[in-house]
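# Tertiary structure, described
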Amino acid sequence: MLYCYRTEWNHKRKVINMGERPIYLDHAATTALSKTALDAMLPFLTEVYGNPSSLHTPGQKAKEALETAREALATMIGATPREITFNSGGSEGDNQALRTAAIWGKKQGKTHIISTAFEHHAVLHTLEQLGREGFEITLLDVHESGLVSAEEVRAAIRPDTCLVSVMYANNEIGTVQPIAEIGAVCREKGVLFHTDAVQAAGHLPIDVKAQNVDLLTISAHKFHGPKGVGLLYCRKGIPLATLVEGGAQERGKRAGTENVAGIVGMAAALRDAVDHMEENAAYVGSLRDKLIEGLGKIPHCALNGDRDARLPGNVSFCFEGIEGESLLLLLDMKGIYASSGSACTSGSLEPSHVLLAIGRPHEVAHGSLRLTLDAENTEEDVNAVLQWVPWAVERLRGMSPVWQKLEAGEEAFLL
Ligand SMILES: *Cc1c(COP(=O)(O)O)cnc(C)c1O
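Everything quoted here is computed from the prediction, not taken from an experiment. (Residues numbered from 1 in each chain as written. Predicted model: local features only at pLDDT ≥ 70, side-chain atom pairs only at ≥ 80, totals over all residues. Heavy atoms only, no water.)

A separate point is the overall build of the protein. For the protein, the count of helices and strands is 13 helices and 12 strands. Relative to the compact-globule value of 22 Å for 415 residues, the protein shows a C-alpha radius of gyration of 22 Å, a close match. Projected onto the principal axes, the alpha-carbon positions of the protein cover approximately 75 × 55 × 35 Å. Taken across its 415 residues, the protein has 57% of its residues classed as buried. Expressed as a percentage of contacts within the protein between residues at least 6 apart in sequence, the contacts between residues at least 24 apart total 73%. Separation of charge centres in the protein, based on 39 positive and 52 negative side chains, amounts to 5 Å. (Helix = DSSP H or I, 4+ residues; strand = E, 2+ residues; numbered from the N terminus. Rg over C-alpha atoms; globule rule 2.2 N^0.38 Å. Buried < 20%, exposed > 50% of the residue type's maximum accessible area, 1.4 Å probe, protein only. Contact = heavy atoms within 4.5 Å. Lys, Arg positive; Asp, Glu negative; His and termini not counted. Charge placed at Lys NZ, Arg CZ, Asp CG, Glu CD.)

Okay, here's the thing in structure tokens:
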């Protein structure tokens, strides 16, 4: 059953299967494959099936498509084709970027790495591993705003620092970091700068040269491309570390037969997103603002992350006295599909490390709701959320012993 393919960018989703339209508000977790990307991919899932490493005509046709996509993607981020390595997505890109910088640093006797406390786990867990291998890791505070400044980065840089890794936009609270300023500081200090741009690609401008970025991670499924494909930009002159050994694909730096259809789909999807970036940001931003204003009226709640320096589509709240998971289940019953934080944290009992990093106490962090919008969402979606979220919060608070204690004054409200 196929539904919710975007058939055009007119802000009105064309639904192929009839019936109740789902209200999908989890675009930070993943997005639907766009019709544009699907159409671009189909020939490479059917008739053009050659292996790009083969010398015969079908192989060379696939190779040509691969290199056309590489050139297009490179241009879209201000890089050159040789600086682009295709891979399986954001997690692999983050791993390879950090390993690359670590190996580069170690050769020069530099084993100190700076990052932030609210990076994606693909970064944080790789840093933990590098820590066990002898690197010293400094995680910068992101404050209640969910922002880190270039001056704080500058102050943390030491003579033995090899890498700064700061994400462009946070996947849970949507805050946007000043990466051009951070990039300038790193370039001045001779330190490599990696940014996880998975949430930013297609939504915020990327120009690796102007922003002084050395390593940058992108994943296709966050901007209506297919899952399981991404790219890593690595600035010319920095030797890329190899994670996957094998054949000579990707200039010997990432073995394995290329995901040709996926790569072609990624290029088509990013082209589409970049071409409509401003109009989408204005439209999605207006939906976001309406949601922030409306949900902010619920008593004892707080918006997570800076109000202004945030992605056009990100709404993240904490509601005191409830469990985020229960809220999600109630909303799911109403056909509203949201998230409590990142997809990777859902299902675990630990509160989100991002919410803890911005100083939310455990009790409060448990009551989180993340709504991530996209150009396919509508005013009706926003109205449904503004109807059902306050209803669900009230209902859950009515059943919550914690809430009763708060109301009776036996415990103090934190929000
Ligand atoms: C989704 C995401 C990733 C992981 O990307 P995958 O392609 O799912 O591996 C990494 N970083 C951020 C910020 C993300 O949002």
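Turning our attention to the packing of helix H9 (residues 324–333) against helix H12 (residues 379–399). Running from N to C, H9 and H12 cross one another at 130°; their axes reach a closest spacing of 10 Å. Overall, the two elements H9 and H12 adopt an arrangement that is oblique. Both H9 and H12 take part in a crossing whose hand is right-handed. Across from Ser-326, Leu-327, Leu-330 and Leu-331 in H9, the residues of H12 making contact are Trp-388, Val-389, Trp-391, Ala-392, Val-393, Arg-395 and Leu-396. Its residues placed into classes, the contact of H9 with H12 shows 9 nonpolar, 1 polar and 1 charged. (Axes fitted to C-alpha atoms, helices over the stretch in contact; angles between N-to-C directions. Parallel < 35°, antiparallel > 145°, perpendicular 65-115°, else oblique. Left-handed = near helix turned anticlockwise from the far one by under 90°. Nonpolar A, V, L, I, M, F, W, Y, C, P; charged D, E, K, R; others polar.)

The full set close to the ligand counts 13 residues, and Ser-91, Asp-196, Gln-199, Ser-219 and Lys-222 are the nearest of them. Contact distances for the ligand include 2.7 Å between an oxygen atom and a side-chain N or O atom of Ser-91. For the ligand, an oxygen atom lies 2.7 Å from a polar atom in the side chain of Gln-199. Relative to its unbound accessible area of 380 Å², the ligand is 87% covered by the protein chains. For the shell around the ligand, the element with the most residues is helix H3 (residues 90–107), which contributes 3 residues. Within the shell around the ligand, the residues separate by chemical class into 2 nonpolar, 8 polar and 3 charged. (Near = heavy atom within 4 Å. Polar contact = N/O pair within 3.5 Å; in protein donor to acceptor, adjacent residues only side chain to side chain. Areas by Shrake-Rupley, 256 points an atom, 1.4 Å probe, with all protein chains shown as cover.)

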